[in-house]
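Overview (structure and organization)
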Amino acid sequence: MINSETTACDEFDMVIIGAGPSAIGLLYGLLRPYSTGPKAAATGDHDDQHHTSSAPPPFKIAIIERGPLFCSNDKSSPSSSPTNKNPLLQVQQDPKLWFCAAHPSSSNPLENILYKRDEKKEPYSSIVYRTVPQTRGLGNRVLSVPTGQGLGGGTNINACLFVRPTKDDFEHWPNYWKESVLGEDHVMRPRIMQSVVQIERIMRNNGALVDQQEEAEIMIHRNDDDDHSDVIMSEREIIKEEAIKDNKNNASTSTGLYLDYEKIMLTQPKKKNDKIWKRRWKLGKVTSTIRQKDVNSSEGSLGTKGNTYERVNYYQGILKPLLEENPNMGKSLQFFTGVLAERLLMHRENDSNVVTAKGVECSHVGAKGEKVLFTIRGKIVVVCAGAILTPALLLASGIGEERELRNQGVTPILEGEDNVWKGVGKRLCDHVIVATGFWTNRRFTSVDVPNSVRGWLAMDITDDRNRYNLSSSKHKARLLLKVMDGSSSSCILPGVIASTFHRVYFFEPHFVCRFVNWFLCVLSKVLSFLAGILLKNSVILSFFKRQTLQILVCLMNPKSMGAVSIQHRGKGENCRGLSNFDVQIDPAYLSREEDFVGISLGAHIVKKLSSCWIPNSIELLPGYLYKGIGGSDYLRKYVSDFALPYYHWSGTCSIKSDLVSEGSHVVDEQLRVRQVTNLYICDASVHPKIISAPPALTLAAMGLTVSSILHDLIRPKTE
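**Quick notes on the overall build of the protein chain**
- Along the backbone of the protein chain there are 19 helices and 25 strands.
- Within the protein chain, the proportion of its 719 residues that are buried is 59%.
- For the protein chain, the exposed surface amounts to about 30,100 Å²; the carbon and sulfur share of it is 51%.

Following this line, the structure appears as structure tokens:
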């Protein structure tokens with residue numbers, strides 16, 4: 001927070017908006033050439049062409065973060081933070097309680113932290129927005145949209161999974177990102193994948209990763225003599241039969257479908273037709289961004305009693321060790337925490353099409369609770385605010401489709417044919433999850449594990465005719481089956497129940513419509529509250545932890561796309577600043593039939609696999625209830641009621657790609673915003689297609705990759 005009398009700050013070489021994984025990767029890449037510590041040499045990060053003295057880097061960087069400092073027990077919080085009065089952010093340390101961290105009990109977008117928060121309450125690590133009613137695929141449900149804040153961003157509220165993307169996730173990216181380069185391990189990889197490997201090496205060296213137990217520990221008890229080869233063969237026919245049955249009008253399914261078992265994650269077959277390999281078919285190993293809790297340290301005391309692991313966000317796992325090892329680096333950084341970026345300050349040269357970003361107009365809460373505006377100026381501005389807030393900030397700044405801006409009282413920076421920002425806010429996409437639940441009398445071999453996710457199985461479903469020529473463009477579905485124990489049920493189930501009943505309808509007469517919507521809102525809160533109380537019972541909670549498990553069907557290549565827009569809250573001409581707008585979010589979940597087909601195929605696979613994964617089990621969800629009331633179309637009804645976001649939004653400011661219509665991309669291959677000389681975007685909003693993995697690792701790798709471009713722009717020319 002900035003002192004209330006402050007109206008402007010010194011000019012910086014770079015201003016970064018947001019402190020999430022991409023910003024952390026970017027900062028690490030900018031600072032690491034100046035590291036003199038032993039870890040830089042050990043990881044191969046030090047670049048001999050740069051200075052090796054203890055002097056601070058020869059540039060100044062401002063980081064604007066909406067959330068406050070990380071936590072009161074973190075003694076490494078940046079000393080350059082502008083004030084000591086800033087309230088300290090309390091982050092849920094127990095990785096199994098990630099859903100609670102993402103959904104605090106009280107949240108109001110923007111206002112909760114900045115303007116109407118009770119000063120006696122500690123700020124949350126997440127601000128939760130709401131989607132517009134999902135009318136096309138989810139029966140008018142209104143879903144939560146948690147957005148992480150504080151140093152580390154979304155890694156303060158995620159499930160701590162550490163998953164590499166696949167190479168074909170980037171097949172539609174510009175060549176710069178796909179170009180093969182030689183890594184420190186002397187292996188040629190695409191440029192972005194080299195950064196992924198490097199981020200993983202950095203976090204391992206910093207003790208920020210924990211590998212969950214191997215197969216014997218993460219698998220449910222089963223007989224080693226069970227031969228699953230017949231199950232694998234029969235599943236192929238099941239997929240074919242069910243696909244044809246569910247899509248009678250889809251002629252393309254008449255060729256049948258093929259489940260590609262050669263793409264199972266972390267499975268290493270010695271021979272493709274080896275029956276022993278099929279019998280040893282296993283789930284993927286789980287790696288988490290967590291660490292063993294130090295019992296002698298007060299840090300992590302917010303975790304659940306008895307929990308032996310604690311969350312490590314990307315600030316702690318990547319940037320914090322570098323700053324601790326090189327104290328002088330902090331002199332080049334200025335963290336503005338508890339500050340909201342209101343709008344970008346843009347300058348247009350006379351009547352030309354050349355636009356320059358001069359800095360950022362920000363706001364904070366003054367001593368008397370008033371809103372105080374001030375500016376931070378920079379030679380280069382990098383927006384790392386995420387796929388929801390990045391397009392909202394651009395729109396509030398006059399960067400977007402002209403008609404949409406004028407409807408909200410915002411003056412466009414460019415008009416007519418000169419406006420090349422029609423793609424801002426478009427192509428919003430997210431993974432979709434549908435949970436299947438089982439009761440079983442067979443327990444996991446180990447109860448105390450770091451993460452409630454026990455393993456996963458990745459698979460691609462394609463046309464038979466494309467069986468030996470796989471390409472992501474030919475996928476019918478890319479699925480991830482996640483096996484989870486019940487240790488997170490007490491945290492997640494109340495929220496799931498609330499999202500199932502929270503719906504908004506539109507019909508006449510209006511007074512009846514308003515009553516129905518009010519009743520459903522109250523009902524969702526009451527049922528969620530009762531479920532929360534019920535799950536606090538030790539007997540019930542023990543049952544869920546030890547006798548139930550979920551297999552989540554995650555659709556990793558959804559075709560449905562929505563949009564992010566802004567809506568002015570009041571009337572008048574003063575529309576400056578993001579806090580004057582409501583952010584409208586429409587992910588359009590399951591608006592395309594292909595997505596439901598993919599989920600239904602995954603559900604049928606789970607039905608067959610459960611017989612070998614968890615024999616003698618009873619299906620709780622969808623269970624007999626939905627099969628009874630839904631008839632032959634019970635699965636569609638269940639998916640409509642219980643499908644959930646994976647909270648991996650992307651695609652609202654797309655990079656140039658053959659997937660994006662001509663002229664609709666927002667940034668070029670170097671992530672520079674079109675028509676603006678010094679404005680860059682580095683977050684999930686630039687993804688032309690959603691990647692098939694949790695994105696935190698990929699985002700940190702993006703920041704690390706683009707840091708080499710931006711470093712050449714901010715370092716002194718004489719260096």
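**Side note on a nonpolar patch on the surface**
- Nonpolar side chains collect at one region of the surface, where F515, W518, F519, V522, V526, F529, L530 and I533 lie side by side and expose about 810 Å² of accessible area between them.
- For V526, the location among the structural elements is in helix 14 (residues 510–534).
- Taking relative accessible area as the criterion, V526 reaches 39% and is therefore assigned partly exposed.

**Brief notes about the pattern of salt bridges**
- Tallying each qualifying case throughout the model produces 25 salt bridges.
- Of the charged contacts, one joins K426 and E404 as a salt bridge, the two residues approaching to 3.4 Å between their closest N and O atoms. Of this pair, K426 sits in strand 16 (residues 426–428) while E404 sits in helix 12 (residues 402–407), and the two are 22 residues apart along the sequence.
- According to the relative accessible area criterion, K426 is partly exposed, its value standing at 30%.
- Taking the relative accessible area as the measure of exposure, E404 reaches 19% and is therefore buried.
- Note that D668 and R672 form a salt bridge whose closest N and O atoms lie 3.6 Å from each other.
- Look at D668 and you get partly exposed, because its relative accessible area is 21%.
- Overall, R672 belongs to the partly exposed group, its relative accessible area being 27%.
- A network of salt bridges, in which partner residues are shared, links R164, E200, R204 and D211.

**Re the nonpolar core**
- Counting 153 residues, the largest nonpolar core has M14, L344, V382 and L679 as its most contacted members.
- It is helix 19 (residues 696–714) that provides the largest number of residues to this core, a total of 11 residues.
- When sequence neighbours within four positions are dropped, the list of residues in contact with V382 reads M14, V15, I16, I17, L26, Y680, C682 and L710.
- Counting 14 residues, the second largest nonpolar core, distinct from the first, contains L161, I433, W456 and L552.

**Let's talk about the pairing of strand 2 (residues 61–65)**
- Of all 5 residues in strand 2, 5 are buried, a share of seventy percent or more.
- In strand 2, alternate side chains face the same way, and those of I61, I63 and E65 on one face and A62 and I64 on the other are all buried.
- Across 4 bridges, the pairing between strand 1 (residues 12–17) and strand 2 is parallel. If you follow I17 over to strand 2, its bridge partner there is I64.

**Description of helix 14**
- With 25 residues, helix 14 extends 36 Å between its outermost C-alpha atoms, agreeing within 8% with the 36 Å of an ideal straight helix rising 1.5 Å per residue.
- Summarising the contacts, the buried residues of helix 14 are in contact with helix 13 (489–501).

**Some points on the sheet that holds strand 22 (residues 581–586)**
- Strand order in this open sheet of 3 strands is 16-21-22, and the pairing throughout is antiparallel. One side of each edge strand has no neighbouring strand; the edge strands of this open sheet are strand 16 and strand 22. Recorded for the sheet is a direction-independent mean angle of 40° between the axes of neighbouring strands.
- Relative to strand 21 (residues 562–568), strand 16 runs antiparallel, the two being bridged by 2 bridges. Counterpart to K426 in the pairing with strand 21 is A563.
- Its contacts with the sheet place helix 11 (residues 386–396) against strand 16, strand 21 and strand 22, and it is angled at close to 45° to strand 21.

**Considerations on the confidence of the model for the protein chain**
- Taken residue by residue, the protein chain gives an average pLDDT of 78. The fraction at 70 or more is 74%.
- For the protein chain, helix 7 (residues 215–218) is the element with the lowest average pLDDT, namely 33, and strand 25 (residues 679–681) is the one with the highest, namely 98.
- In the model, residues 295–306 has pLDDT below 50 throughout and makes 22 contacts with residues more than four positions away in sequence or in other chains.
- Here residues 464–473 is a poorly scored stretch, pLDDT under 50, and it has 18 contacts once near neighbours within four places are set aside; other chains count.

**With respect to the state of the cysteines**
- Per the counting criterion, the structure on display carries 1 disulfide.
- Covalent S-S linkage joins C100 and C491, the inter-sulfur distance amounting to 2.3 Å. Of the two residues, C100 sits in helix 3 (residues 98–102) while C491 sits in helix 13, which places them 391 residues apart along the sequence.
- Take C491: its relative accessible area is 7%, and that puts it in the buried class.
- In this model C682 remains outside any disulfide bridge; the closest cysteine sulfur is found in C384, 4.9 Å from its own.
- C682 sits in the buried class, given a relative accessible area of 1%.

**Some remarks on helix 15 (residues 538–547)**
- Of the residues making up helix 15, those classed as buried are L541, F544 and Q547.
- Structurally, the start of helix 15 carries an N-cap: the backbone nitrogen of V539 is 2.9 Å from a side-chain oxygen of N537.

**Quick word on the packing of helix 6 (residues 191–205) against helix 19**
- Packing of helix 6 against helix 19 brings their axes to within 8 Å, and their N-to-C directions diverge by 110°. Relative to helix 19, the element helix 6 is oriented roughly perpendicular. Crossing handedness for the pair helix 6 and helix 19: right-handed. Between helix 6 and helix 19, the contacting residues are R191, I192, S195, V196, Q198 and I199 on the first element and L697, T698, A700, A701, M702, L704 and T705 on the second.
- Among the residues forming the contact of helix 6 with helix 19, the class breakdown is 8 nonpolar, 4 polar and 1 charged.

**Concerning the environment of A341**
- Structurally, A341 can be placed in strand 13 (residues 340–348).
- Exposure remark for A341: the relative accessible area of 8% places this residue in the buried category.
- Considered as a pair, A341 and E65 are 276 residues apart in the sequence and their alpha carbons are 8.1 Å apart.

**Observations regarding the packing of helix 13 against helix 14**
- In the contact formed by helix 13 and helix 14, the axes pass within 8 Å of each other and the chain directions differ by 165°. Relative to helix 14, helix 13 is oriented roughly antiparallel. Between helix 13 and helix 14 lies a crossing of right-handed hand. For the pair formed by helix 13 and helix 14, the contact residues are P494, G495, I497, A498 and F501 on the first element and L520, L523, S524, L527, S528, A531 and G532 on the second.
- Grouping the amino acids of the contact of helix 13 with helix 14 by side-chain chemistry returns 8 nonpolar, 4 polar and no charged.

**Points about the packing of aromatic side chains**
- Under the criterion given, the structure shown has 14 aromatic pairs.
- Members of the aromatic cluster, connected to one another through ring pairs, are W98, F99, Y647 and W649.
- In this arrangement the basic side chain of R191 is found over the ring face of Y176, its NZ or CZ atom lying 4.2 Å from the centre.
- A cation sits over an aromatic face here: K627 above Y624, 5.9 Å from the ring centre.

**Quick notes on the environment of I433**
- When you line up the elements, I433 lands in strand 17 (residues 432–439).
- I433 has contacts with L552, V553, C554, F642, A643, L644, P645 and Y646, leaving out every residue within four places of it along the chain.

**What about the side chain of R674?**
- When you line up the elements, R674 lands in the loop between strand 24 (644–645) and strand 25.
- The side chain of R674 sits in the buried core without any salt bridge; E662 is the nearest counter-charge, 6.8 Å away.
- There is a polar contact of 3.4 Å between the side chain of R674 and the backbone oxygen of V420.
- Once residues lying within four places of it in the same chain are set aside, the contact partners of R674 are V420, W421, G663, S664, H665, V666 and V667.

Conventions we followed
Every chain is numbered on its own, with residues counted from 1 as its sequence reads. Selection of residues for local features in this predicted model requires a pLDDT of at least 70, selection of side-chain atom pairs for listing and counting requires 80 or more, and totals for whole chains, interfaces and linings are taken over all residues. The side-chain quantities take in all heavy atoms of the structure and omit both hydrogens and water. Secondary structure is summarised from DSSP: a helix means a run of H or I of at least four residues, a strand means a run of E of at least two, and numbering begins at the N terminus for each. Note on exposure labels: buried denotes an accessible area under 20% of the residue type's maximum, exposed denotes more than 50%, and partly exposed covers the range between, all computed with a 1.4 Å probe on protein chains only. Note on areas: Shrake-Rupley, 1.4 Å probe, and residue coverage restricted to the protein chains presented here. Patches here are clusters of residues that have more than 30% relative accessible area and form no salt bridge, with a 9 Å joining cutoff for like charges and a 5 Å cutoff for nonpolar side chains (Val, Leu, Ile, Met, Phe, Trp, Tyr). Salt-bridge detection follows one rule: a side-chain nitrogen of Lys or Arg within 4 Å of a carboxyl oxygen of Asp or Glu. Residue types Ala, Val, Leu, Ile, Met, Phe, Trp, Tyr and Cys, when buried and joined through side-chain atoms within 4.5 Å, form a set referred to as a nonpolar core. Contacts are assigned to residue pairs that have any heavy atoms within 4.5 Å of one another. Any two strands between which DSSP finds at least two bridges are classified as paired. Under the convention used throughout, the expected extent of a helix is 1.5 Å for every residue step, that is, one less than its residue count. The angle between two axes is taken between their N-to-C directions and runs from 0 to 180 degrees, where each axis is a line fitted to C-alpha atoms and a helix contributes only its stretch in contact. Per-residue confidence from the predictor is given as pLDDT, running between 0 and 100. Disulfide assignment relies on a single distance test, namely cysteine sulfur atoms paired within 2.5 Å. Each polar contact in these results corresponds to two N or O atoms within 3.5 Å; when the atoms are within protein, one needs to be able to donate a hydrogen and the other to accept it, and residues that are neighboring in sequence are counted only if both atoms are side-chain atoms. Any angle between 65 and 115 degrees counts as roughly perpendicular, while under 35 counts as roughly parallel, over 145 as roughly antiparallel, and the rest as oblique. With the far helix as reference, a near helix turned anticlockwise by less than a right angle produces a left-handed crossing, and one turned clockwise produces a right-handed crossing. Only Asp, Glu, Lys and Arg are considered charged in this grouping, and only Ala, Val, Leu, Ile, Met, Phe, Trp, Tyr, Cys and Pro are considered nonpolar; every other residue, Gly among them, is considered polar. Between 30 and 60 degrees the pair is tilted, below 30 it is stacked and above 60 it is edge-to-face, where a pair is any two Phe, Tyr or Trp rings, Trp via its six-membered ring, whose centres lie within 6.5 Å. We count a charge as sitting over a ring when the NZ of a lysine or the CZ of an arginine lies within 6 Å of the ring centre and within 35 degrees of the ring normal. When charges are counted, Lys and Arg contribute as positive and Asp and Glu as negative, whereas His and the chain ends are disregarded.

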